[in-house]
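Coordinate analysis (summary)
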Amino acid sequence: MMIEGFVALYIFMLAAFTGYEVISKVPVILHTPLMSGSNFVHGIVLVGTMVALGQAETGLQQLIGFVAVILAAGNAVGGYVVTERMLEMFKSSKGAK
């Protein structure tokens, strides 16, 4: 049981490091298209947290799963809101007249 926790922590740390390295090397001009693509990934994370919550057996596991679902949902919705605001900057003001 203890080994599984260390493996999960190792995978999390590896994923965080890899994500940081990949994103830090992306030019600023590509951030908007990448945000749209990452929103898809956030949706997958949300589904994963719901599956994990469905597999929870103890009260602590259910609480952690519930918090994970709330955070994942906020992350996905927030990503779409930010992407929409970024795309609004590229629309011309001629259509409003």
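All of the points below concern the structure found in this document. Throughout this description, residue numbers start from 1 for each chain and increase along the sequence as written. Reporting of local features is limited, given that this is a predicted model, to residues whose pLDDT is at least 70; pairs of side-chain atoms are given and counted only at 80 or more, and all residues count toward the totals for whole chains, interfaces and linings. Side-chain metrics rest on all non-hydrogen atoms present in the structure, leaving aside hydrogens and water.

**Digging into the side chain of His42**
Helical segments are the DSSP runs of H or I of at least four residues, strand segments are the runs of E of at least two, and each set is numbered from the N terminus. Here His42 lies in helix α2 (residues 31-55). Setting aside chain neighbours within four positions, we find His42 in contact with Asn75 and Ala76. Note on definitions: a residue-residue contact is assigned when non-hydrogen atoms from the two residues lie within 4.5 Å.

**Details of a nonpolar patch on the surface**
A contiguous nonpolar surface patch, about 720 Å² in accessible area, is contributed by Leu60, Leu63, Ile64, Phe66, Val67, Ile70 and Leu71. Following the sequence through the fold, Leu60 ends up in helix α3 (residues 59-88). Residue Leu60 is classed as exposed on the basis of its relative accessible area, which comes to 58%. Within the patch definition used here, like charges are joined within 9 Å and nonpolar side chains (Val, Leu, Ile, Met, Phe, Trp, Tyr) within 5 Å, considering only residues with over 30% relative accessible area and no salt bridge. Here the Shrake-Rupley method, with its probe set to 1.4 Å, supplies the accessible areas, and only the displayed protein chains count as covering residues. A side-chain nitrogen of Lys or Arg and a carboxyl oxygen of Asp or Glu constitute a salt bridge if their distance falls within 4 Å. Any residue under 20% of the maximum accessible area for its type is buried, any over 50% is exposed, and the rest in between are partly exposed; the area is computed with a 1.4 Å probe on protein chains only.

**A look at the pattern of salt bridges**
For the structure on display, the rule yields one salt bridge. Between Lys25 and Glu21 there is a salt bridge, with the nearest N and O atoms lying 3.2 Å from each other. We classify Lys25 as exposed; its relative accessible area is 60%. Here Glu21 falls in the partly exposed class, since its relative accessible area comes to 27%.

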